[in-house]
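One letter stands for each residue in the lines below.
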Amino acid sequence: MSSNQSADGAELPGVPVIQDPATAAALLSAGGLVAIPTETVYGLAADITDLAAVARIFSAKGRPTGHPLILHVADVETARRFGVLDARAEALAMLWPGPLTMIVSATEAVPREVTGGRDTVAIRVPEHQLTLQVLSTLDGAVAAPSANRFGRVSPTTAQHVIDDLGDILDPDRDAILDGGPCLVGVESTIVDLTCDPPQILRPGGVPSPLLDRLLEPVDGSSIVAATGPARASGMLPSHYAPERGVVLVEREDREILDPEALVIDRADDPVEAARHLYDDLRRADTSIDRDRSEPIVVVQPPNDGGLGSAVRDRLKKAAAPRERQTTNPTG
Ligand code: AMP
Ligand code: MG
């Protein structure tokens, strides 16, 4: 049963949920928006050559324009049409398809509406067969931020996208390509290669020691944590937050738990913790009694290292004070 059908098989209004990559590519070519599955989270994609479609990404998400979007392409050859890949970028490209976004100098082929006016561009090759087929058919690039409304956590299933954008997308032009649940579950690692040494703007699916190992033979460089003003949503103190308050509790502090709190504990398995993180947080929002002002979702984070670091990073931001409601322009 497609998500557009009720239990008795009747068609429900709303954006179509499709499984066919050729249809998705055709919709994108015609200026539509398509929510695409990737290994990290679902993205809301538009063909970058269609500036009206790119503008609709911002309005559908409620995300202020001028915030740069990540380009998704089918392979490294296509990436070279949009970004200048130096020796370091070429070395890291061996991780594609995969959860690594590189920020490099943009070529003339990139409309500056996609980069927020910058001459640098964020690019990656996602690892999902359906989406790779869409991208090869398109033979170009899509811009795709996470397919959620501003202020909500990222979507990792087609149903999450329906929940956030089902009523906002245009049923006649847009679609959701259902590729099943995302396997990694947290956003890509973002590496800025336009600075020296390269900086990690957001920890994600690729662990930083692996990046170091690939970069070291090229020019001896190793990745450092980001410095300077926030350039990625991942650098903001608060982000990725559900509606309910979130408290992080380390294992040794478990006894302070509110007995009524909803506890999420996947600490022993960072891969599962990442894969289910956003679904856990979304379910927390819907399963807690709305009348209770406090608390709260209590989460025991996995240890640092590998995906554990990415999960801890997202959880810290989910638990951070919510001044983002007014100051964080991302989603
Ligand atoms: P998301 O918010 O998940 O769409 O992640 C994309 C992030 O990558 C954004 O927060 C941007 O700030 C960052 N980003 C994308 N393009 C660039 C760029 N050209 N230069 C610096 N950061 C970028
Ligand atoms: Mg996002």
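Residues numbered from 1 in each chain as written. Chains lettered and ligands numbered in written order. Predicted model: local features only at pLDDT ≥ 70, side-chain atom pairs only at ≥ 80, totals over all residues. Heavy atoms only, no water.

**Observations concerning unusual backbone geometry**
Thought 1: Geometrically, the link from W96 to P97 is a cis peptide bond, its omega value of -5 degrees lying close to zero.
Thought 2: The amide bond that connects D196 to the next residue, P197, takes the cis arrangement and shows omega of -5 degrees.
Thought 3: Within the secondary structure layout, P197 lies in the loop between β10 (189–192) and β11 (199–202).
Thought 4: The backbone phi angle of D139 is positive, close to 50 degrees, even though this residue is not glycine.
Thought 5: Positionally, D139 belongs in the loop between α5 (129–138) and β8 (142–143). (Helix = DSSP H or I, 4+ residues; strand = E, 2+ residues; numbered from the N terminus.)

**Details of the side chain of E187**
Thought 1: You can see E187 is positioned in the loop between β9 (175–177) and β10.
Thought 2: A polar atom in the side chain of E187 sits 2.5 Å from the side chain of S154. (Polar contact = N/O pair within 3.5 Å; in protein donor to acceptor, adjacent residues only side chain to side chain.)

**Regarding helix α9 (residues 307–319)**
Counting along an α-helix, one turn takes 3.6 residues, and residues three or four places apart therefore face a common direction.
Thought 1: With 13 residues, α9 ought to run about 18 Å at 1.5 Å a step, and its terminal C-alpha atoms sit 18 Å apart, in line with that.
Thought 2: For α9, the tally of buried residues reaches 10 of 13 residues, placing the bulk of the element in the interior.
Thought 3: For α9, the complete set of buried residues consists of L307, G308, A310, V311, R312, D313, R314, L315, K317 and A318.
Thought 4: Buried residues belonging to α9 abut β11, β13 (246–248), α8 (270–287) and β15 (297–300). (Expected span 1.5 Å × (residues − 1). Buried < 20%, exposed > 50% of the residue type's maximum accessible area, 1.4 Å probe, protein only. Contact = heavy atoms within 4.5 Å.)

**Some details on the pattern of salt bridges**
Thought 1: Tallying each qualifying case throughout the model produces 18 salt bridges.
Thought 2: For D174, the salt bridge is made with R56, and the minimal N-O distance between the two is 2.8 Å. In this pair, D174 is assigned in the loop between α6 (158–165) and β9 and R56 in helix α2 (residues 51–61), connecting sequence segments 118 residues apart. Grouping residues by exposure puts D174 and R56 together as buried.
Thought 3: The salt bridge involving R112 is made with D119; its shortest N-O contact spans 3.1 Å.
Thought 4: What makes D119 exposed here is its relative accessible area of 52%.
Thought 5: Each member of the salt-bridge network shares a partner with another, and the members are E187, D313, R314 and K317. (Salt bridge = Lys/Arg side-chain N within 4 Å of Asp/Glu carboxyl O.)

**Side note on empty space enclosed by the protein**
Thought 1: Inspection of the entire model under this criterion finds one cavity of 30 Å³ or more.
Thought 2: Put simply, the largest cavity is a space of about 60 Å³.
Thought 3: Lining the largest cavity are I264, D265, R266, A273, L277, D280, V299, Q300, P301, P302, V311 and L315.
Thought 4: Only β14 (262–265), α8, β15 and α9 provide two or more residues apiece to the lining of the largest cavity.
Thought 5: Split by residue class, the lining of the largest cavity holds eight nonpolar, one polar and three charged. (1 Å grid on protein atoms, 1.4 Å probe; cavity = no way out; pocket = protein on both sides within 12 Å on 5 of 7 lines; lining within 4 Å. Points joined across faces, edges and corners; volume = space filled by probe spheres on them. Nonpolar A, V, L, I, M, F, W, Y, C, P; charged D, E, K, R; others polar.)

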